[in-house]
Amino acid sequence: MVSQHKDVTMAGISPKASQHFDLAPQQGHPLQQPHKPENSDGTLLQPNKGNIKKIQLSHGRAQDAANGSVAGHMRDFADRYHLLFLLRIKLLKVIRSVDKMTRTATDDKLAWSQVARMLNHVNAYPLFLERQNVTGKIKKWEDLPISSKKNYVKETKNPEDLLVGNAIPINGQCDQSSGTTGEPTVWFRDFKECDQTGRHLRHAMKASVDGPVVSVLCFALGPWATGMTLHNSLSKGAMEVAIGPDLTKAFNFIKKQNAMAHRFEEKTNYVILGYPPFLQALGEKLQAEGIELHPKMKLWAVGGGEPMSCARRNAMLQTKYADVRSSFGASDLTINIGAQDLWDVRLENICKENQDICKAIFGRNTPPSVFHYDPGSYKIEQAPYKDENGRQIDRILFTQLKKVTCPKVRYDLGDEGGTSKQKDVEKILKSFGITDMPSRTHELPLLYIYGRAENAVPYNGSKVTPEHLEEGLILGQYKGNSIKSSIESYALNSIEDATGNAKIRILLEMKEGISKDTLNTAEVRDTLINEMRKNNEDFDKACDFATDKNVDVIIFNHHEGPNFHPNPNTKKVYIFEGDVTLRSGEVI
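Quantities reported herein were computed from a predicted structural model and do not represent experimental measurements.

Thresholds, definitions, all that
Residues numbered from 1 in each chain as written. Predicted model: local features only at pLDDT ≥ 70, side-chain atom pairs only at ≥ 80, totals over all residues. Heavy atoms only, no water. Helix = DSSP H or I, 4+ residues; strand = E, 2+ residues; numbered from the N terminus. Buried < 20%, exposed > 50% of the residue type's maximum accessible area, 1.4 Å probe, protein only. Contact = heavy atoms within 4.5 Å. Areas by Shrake-Rupley, 256 points an atom, 1.4 Å probe, with all protein chains shown as cover. Pairing = 2+ DSSP bridges. Axes fitted to C-alpha atoms, helices over the stretch in contact; angles between N-to-C directions. Salt bridge = Lys/Arg side-chain N within 4 Å of Asp/Glu carboxyl O. Polar contact = N/O pair within 3.5 Å; in protein donor to acceptor, adjacent residues only side chain to side chain. pLDDT = per-residue confidence, 0-100. Phe/Tyr/Trp six-rings, centres within 6.5 Å; stacked < 30°, edge-to-face > 60°. Lys NZ or Arg CZ within 6 Å of the ring centre and 35° of its normal.

Side note on the overall build of the protein
The helix and strand tally for the protein stands at 17 helices and 23 strands. Here the protein, with 588 residues, has 54% of them falling under the buried criterion. Considering only contacts within the protein whose residues lie at least 6 apart along the sequence, 69% involve residues at least 24 apart. Here the protein has roughly 26800 Å² of accessible surface; of this, 50% comes from carbon and sulfur atoms.

Digging into the sheet that holds strand β22 (residues 551-556)
Reading across from one edge, β22-β21-β20-β23 is the order of the four strands in this open sheet, with mixed pairing throughout. Both outer strands of the open sheet, β22 and β23 (575-577), are each paired with one neighbouring strand and no more. Across this sheet, the average inter-strand angle for adjacent strands is 25°, counted without regard to direction. Contacts from helix α15 (residues 466-475) reach β20 (487-496), β21 (502-510) and β23, with the element oriented near 135° to β20. On the sheet, helix α16 (residues 521-535) packs against β21 and β22 and is oriented at approximately 125° with respect to β22.

Some points on the pattern of salt bridges
Any two side chains of opposite charge can pair if their charged atoms end up close together. A full pass over the atoms with the stated rule returns 23 salt bridges. The shortest N-O distance in the salt bridge between Arg-440 and Asp-344 comes to 3.3 Å. With Arg-440 in the loop between α14 (422-431) and β15 (446-452) and Asp-344 in helix α12 (residues 342-353), this pair connects stretches of sequence that are 96 residues apart. A salt bridge links Asp-540 to Arg-533, with the shortest nitrogen-to-oxygen separation between them at 2.7 Å.

Description of the pairing of strand β14 (residues 411-420)
Buried residues dominate β14, accounting for nine of its 10 residues. Bridge count for strand β3 (residues 147-148) against β14 is two bridges, and the pairing is parallel. When the bridges of β14 are listed, Ser-147 appears paired with Tyr-411. Bridge count for strand β13 (residues 392-400) against β14 is three bridges, and the pairing is antiparallel.

A word on the environment of Tyr-448
With respect to the helices and strands, Tyr-448 occurs in strand β15. For the pair formed by Tyr-448 and Ser-369, sequence separation is 79 residues and the distance between their alpha carbons is 5.5 Å. Ignoring sequence-local partners within four residues, the contact set of Tyr-448 consists of Phe-362, Pro-368, Ser-369, Gln-382, Glu-416, Gly-417, Gly-418, Thr-419 and Ser-420. Side chain to side chain, Tyr-448 and Gln-382 meet in a polar contact 3.4 Å long.

So, unusual backbone geometry
The backbone of Asn-166 sits at a positive phi, close to 60°, despite the residue not being glycine. You can call Asn-166 buried: its relative accessible area is 10%. Positive phi, normally seen in glycine, also occurs at Lys-479, with a value near 55°. Its location among the elements puts Lys-479 in the loop between β18 (477-478) and β19 (481-482).

Observations regarding the confidence of the model for the protein
On average, residues of the protein carry a pLDDT of 82, and 85% of them reach 70 or more. Contacts of residues 1-33 to residues separated by more than four positions or lying in other chains number 73 contacts, the stretch itself having pLDDT below 50.

Remarks on the packing of aromatic side chains
In the structure shown here, the tally under the stated rule is 14 aromatic pairs. When the centroid spacing of 6.2 Å and the interplanar angle of 85° are considered together, the rings of Tyr-125 and Tyr-152 count as edge-to-face. Highlighted residues: Tyr-125 in helix α5 (residues 124-131) and Tyr-152 in helix α6 (residues 149-153), separated in sequence by 27 residues. In this structure Tyr-125 comes out as buried when scored by relative accessible area, which is 1%. Geometrically, the ring pair formed by Phe-328 and Phe-371 is tilted, given 6.0 Å between the ring centres and 40° between the ring planes. One end of the pair, Phe-328, is in the loop between β10 (323-326) and α12; the other, Phe-371, is in strand β11 (residues 369-372), and 43 residues separate them in sequence. The ring of Tyr-450 carries Arg-364 above its face, with NZ or CZ at 3.9 Å from the centroid.

Here you go:
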């Protein structure tokens, strides 16, 4: 779909940032005053202009950056129109073949172009390189240090210094992360970046969903990135209804639309977007209330913000959803970095059912979340490191390849995972006799995510995540029903006993109207641990080594446990460290 804003020009036409961003200060607008960083003595500090050691690209890398600027212009022109976008994606195989002949991949050239832009137009980046002891000419990609929110964003005193042109844009969007890992961080995106993100979202929606679409937005609006970006993007390509995370309103809306569906001219796709727990609760409520969807109404669930496990997806498909997908993104970068289609979902399910296949593809017995991504928008690389237990973990680093307001290079979100080529995965699947994968119109590379490394609790050398607990609750049976059917909220609690031994407490809170007395805690504990051992090889070995005596289960009646969801507009709390305060004020 062509943007209705005729004055928007695409990025990449010129390497000068002033042609892509409104860098000139606007008279009378306090946000538009470029910030000048200072030394500790108050004198002005001008990156690459004499006050610090000059850092620049070698001749070869500068040439790559120039070529990347041209490639970026061609990519951005194609991405204006849906058919050209699809053609660009289809031609990636051809582009890769050309890259082999020229020895430098297109995404590498785009990445060097981003580095050159940041050296010249972002105050914070040369200063970051200096703090990391990078000086002189940069000759190879590995010379660039790994950046993160902690060492790059938080270490920059003034947020303007992170932006191209070192000034807050006059138009666009200001939003923030949900703050689940600490204090929320504010992000600025200019109008052109927002428009570009919106086009990509609409391309993805149009390529995935056949027929009319009604987008039902159940993420919170307000300052949070996901809700605002989706709201500003989806309404330009389809009918959009912004409900927010209100279960009753979402249920009533679907119920009323279903009553009208007999008047629809053709089958209409209702795409519900929200956090996975909310989407699951909505599906269960529709099921419990006996709502029978009209044949002209198809219900989709698209989750984001936290992982969508195979068990949760399959449980949701047993309700009223015809299709359940997931999306990967981050406020630091953008939403929908990784999208999911039927091929990706099928691969997850295969790996869930067959540990040998999973290990052959991903090196582990447990499946990750699988997505595909556009290598014209991101350069994604693996950065192996060893954790405190000596286990090698692959962290993934992101380099933004488009002209964005707050660019990042080799940026570590803290996620474990990696990338793979589709043909390599299909070769392994074929060796196991699997050749019936769903057809797809592209061969975009795979992005697989195991989650945030810090979003886990330790247990005798293993890591236990909320996803392991969730799968145990969904798959674990108690008197013929899933344990999860009685549980509204759950979390892991990491503590130490009086002798310094690590312990895990599993905190479960019942759904409204169901007493904890309906569950036998000891039976629930044994069932949960058995299921979690099946889904987590390291935890299984840890239990063999130290038994499972240091894993406890505590069950609370509805609203008698800790506050699992202190802010209903953001994610739930799935990990508590140390002593836990209950709603009554009691500390356990």
